[in-house]
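A look at the structure
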Amino acid sequence: MRKEDTVKLISAEGFEFVIDKEAAMVSQTIRNMLTSPGSFAETEHGEVTFPEISTVILEKICQYFYWSLQYARGKETEFPIEPELTLELMMAANYLHT
Amino acid sequence: MSAPKKKTIQIEAFRHRVVADPKYAEKTWNILEHAIHEIYNHNASGLSFEELYRNAYNMVLHKFGEKLYSGLVATMTFHLKEICSSIEAAQGGLFLEELNRKWADHNKALQMIRDILMYMDRTFIPSAHKTPVHELGLNLWRDVVIHSSKIQTRLLDTLLELIQGERSGEVINRGLMRNITKMLMDLGSSVYQDDFEKQFLESSADFYRLESQEFIESCDCGEYLKKAERRLNEEIERVSHYLDAKSEAKITNVVEKELIESHMQRLVHMENSGLVNMIVGDKYEDLGRMYSLFRRVASGLVLIRDVMTSYIRETGKQLVTDLERLKDPVDFVQRLLDIKDKYDKIIGSAFSNDKTFQNALNSSFEYFINLNSRSPEYISLFVDDKLRKGLKGVSEEDVEIILDKVMMLFRYLQEKDVFEKYYKQHLAKRLLSGKTVSDDAERSLIVKLKTECGYQFTSKLEGMFTDMKTSEDTMQGFYANVGADLGDGPTLSVQVLTTGSWPTQPINTCNLPTEILSICEKFRNYYLGTHTGRRLTWQTNMGTADLKATFGKGQKHELNVSTYQMCVLMLFNNTDRLTYREIEQAAEIPASDLKRCLQSLACVKGKNVLRKEPMSKDIADSDAFFFNDKFTSKFFKVKIGTVVAQRESEPENQETRQRVEEDRKPQIEAAIVRIMKARRVLDHNNIVTEVTKQLQSRFLPNPVVIKKRIESLIEREFLERDKGDRKLYRYLA
């Protein structure tokens, strides 16, 4: 996997998730971060820090990105969400515009 | 998160972390404001998108959307003002470039700002009914930069100046123009229209008004049109290069109005180079240009068409009423065809086969051909000429083409029945003298006439062909039966013509030589023997004869003469000198025919088998005729006085007219009866219209004649007048 095709997402606790750009761009916010015309730090380094998102949630989010891509391609499976994560996930979703 | 969820979960009210710090909003805004400054200063690389986004996000979440928004407006306005003054400061030609560069910068910055403030765009702006960030940025640019007093007019003037420069041949930076006009369009179509397009159109109109004046004073029509076309194309090209596509219709409209519409009349009627001159000179290119330019303006084509029509009518009228031309019917018709060809070509190659032009052409032809009452006769003579000799050695396709052209002229005729009458006469002469070039061509024309005018029109003509065929068979039968008894006598060839099918002529008998009489008698017996109940009369005025003659020095010639001429020549078998009186008595040929045939025997150089005393061109009653011993000719066969169809003399023409009028009467009556039988009751005007309509394909009946026919029908109790309404007629079964 080439570096340009991936992006590093860093959680509040400092955990790093390296995922495909394509998957990350399921989030409209991340898409804007990576494509905005100015050279923001995120675009230059290929990594985004989310000081308000915990590792658990960010992991779930990354899973969701991949699931969503497959769902969009016609593979209709269920995406399991543990009830205790629901609230925080929804807030993150609002933030990430997903 | 929009994931499908099956588990039912309970949602409790969620409280955002309460912000304790009262300066929170101020601080956050300061971060964002700083970022915006940095963005405008091209210093964004150090900024963290996430941080800015998060700050904007939090401000909105914590109900500081209003502050964020107004802060944005203020900051952006501040920067735009700065930009504005830097653009204002740009000198001369750099002005547009600076504007363009700043515009690109602003756009980029705006994009970035919008991205980091996206959350506000998404949630706060719709609920607060504010203008979205991007649009806000454009509006601010419009209000602060473009509408700034120092820029607005300068921008407009610069643009118009550049366009004007390009019109006069300068090379300008089209890419820059494109960007600037695109900017105006991006700011909204109303900005483009109000700040640029309106004035652009006005100044163009002024420019072209002046230029067209100059052109029209200095150029001829063709040149003017060339220039107008070039200008028009330039404007269209300009639009495609750097203006809004919607402007094309508007600017072409301006050019059309100023360059074409206002000078249309003058151009068309321009002396020595106007439409008529182009037509005369076959200037297809100029005509085509005029057509395509004038088509763009209302009533442009109507003008061309009207001028062309009146010109055709006028020249056509001159042609058909030119007495000099009328002397040669073949040439006359050929000229008509040439004119038609010429205009067909013009319409085809310059007027893109415009239907309305074709119709105009047709109606013009119809108009002037019928101005000359002898047109039907001449057209028939033309056909006669072609079928006699003109089509010799011409391929079948070409024959068809010529015939089709003739048919086209025929279609224009109003008096088709007059044509039929002449055609019948000419056809009869062709058939009887065996002079027709091609049977196929003859038949092909008949078929064309039939498709054009129906069976009725050609049935008699076809009858003539049938008669010819039957006669051939009859002659074969005759010689098979009695040929053995005939011995060395003259050979006879008889064409039996059905009365009615052929043009009737008063029967002028003459005394046939005895040798001929005996064989005629034999034929009569044979014919009546096979066909009982028929009557044969000899049409001596229509026949021909081949004579073998030996002249003074023993030279032998075969003379091809008419029956009358044969009768005269046979008289000279017994004597060398006869006076006119003697010939007249012996032959009993009607005086006018006799004179004509003597003239062709004695007065035509090279064919004078008789000698006349005294020598003169005309035959007098006191003349005497001698057998011309000294006759010589290069040819063995000598044709004398061939019965070439000639244009009729005035009295003959009158007579034919008379006959045509007579023939029309029963046709009109038949039409009236047909109509009344169907309608039972009809008023006068309607009958006249219906009759005219029914007979249109053959001739245009005169209303006065129709009225006379109606009266005659009333007399004969086919119709009666209504007792109450005198204008109403009833059909009496």
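Chain B carries the name Cullin family profile domain-containing protein in an unreviewed UniProt entry, which gives Rubroshorea leprosula as its organism.

Under an unreviewed UniProt entry, the name given to chain A is Elongin-C, and the source organism is Rubroshorea leprosula. As its UniProt record puts it under Sequence similarities (unreviewed entry), chain A is described as follows: "Belongs to the SKP1 family."

With that out of the way, let us pick up the overall build of chain A. Each helix and strand counted, chain A has five helices and three strands in total. Of the regular secondary structure in chain A, the N- to C-terminal order runs β-β-α-α-α-β-α-α. Against the 2.2 N^0.38 benchmark of 13 Å for 98 residues, chain A shows a C-alpha radius of gyration of 13 Å, consistent with a compact globule. By residue count, 47% of the 98 residues in chain A fall in the buried class. Considering only contacts in chain A between residues 6 or more positions apart, those separated by 24 or more positions represent 61%. In chain A, 8 positive and 16 negative side-chain charges are present, and the distance between their average locations comes to 8 Å.

Another aspect to go through is the confidence of the model for chain A. Per-residue confidence for chain A averages 86 on the pLDDT scale, and 96% of its residues sit at or above 70. At the low end of the mean pLDDT range in chain A sits helix 3 (residues 41-45) of chain A, at 80; at the high end sits strand 2 (residues 16-20) of chain A, at 91.

Moving on, we get to the packing of aromatic side chains. Residue and element names in this part refer to chain B. Tallied over the full model, the rule gives 31 aromatic pairs over all chains. Between Phe 478 and Tyr 479, the ring centres sit 5.1 Å apart and the planes meet at 65°, which makes this aromatic pair edge-to-face. Under the relative-accessibility criterion, Tyr 479 is labelled partly exposed at 29%. Across from the ring centre of Tyr 367, 4.6 Å away, lies the NZ or CZ of Arg 313, which sits over that ring.

Our next topic: the sheet that holds strand 2 of chain A. Residue and element names in this part refer to chain A. Pairing in this open sheet of three strands is mixed, and the strands run 2-1-3 from one edge to the other. In this open sheet, the two edge strands, each paired with only one partner strand, are strand 2 and strand 3 (47-49). Direction aside, the axes of adjacent strands within the sheet are offset by 25° on average. Bridge analysis of strand 1 (residues 6-10) against strand 2 gives five bridges, and the strand direction is antiparallel. Within strand 2, the position partnered with Ile 10 by the bridge is Glu 16.

On to the domain arrangement of chain B. As far as domains go, chain B holds domain 1 (24-146), domain 2 (152-269), domain 3 (304-467), domain 4 (468-540), domain 5 (543-639) and domain 6 (652-731). Computed over C-alpha atoms only, the centres of domain 1 of chain B and domain 5 of chain B are separated by 119 Å.

Within the secondary structure, B:Glu420 is located in helix 20 (residues 416-433). Once residues lying within four places of it in the same chain are set aside, the contact partners of B:Glu420 are B:Phe457 and B:Arg698.

Reading guide: rules and limits
- Residues numbered from 1 in each chain as written.
- Chains lettered and ligands numbered in written order.
- Predicted model: local features only at pLDDT ≥ 70, side-chain atom pairs only at ≥ 80, totals over all residues.
- Heavy atoms only, no water.
- UniProt positions renumbered as here; feature names shortened; annotations may be inferred.
- Helix = DSSP H or I, 4+ residues; strand = E, 2+ residues; numbered from the N terminus.
- Rg over C-alpha atoms; globule rule 2.2 N^0.38 Å.
- Buried < 20%, exposed > 50% of the residue type's maximum accessible area, 1.4 Å probe, protein only.
- Contact = heavy atoms within 4.5 Å.
- Lys, Arg positive; Asp, Glu negative; His and termini not counted.
- Charge placed at Lys NZ, Arg CZ, Asp CG, Glu CD.
- pLDDT = per-residue confidence, 0-100.
- Phe/Tyr/Trp six-rings, centres within 6.5 Å; stacked < 30°, edge-to-face > 60°.
- Lys NZ or Arg CZ within 6 Å of the ring centre and 35° of its normal.
- Pairing = 2+ DSSP bridges.
- Axes fitted to C-alpha atoms, helices over the stretch in contact; angles between N-to-C directions.
- Domains from an automatic or database assignment.

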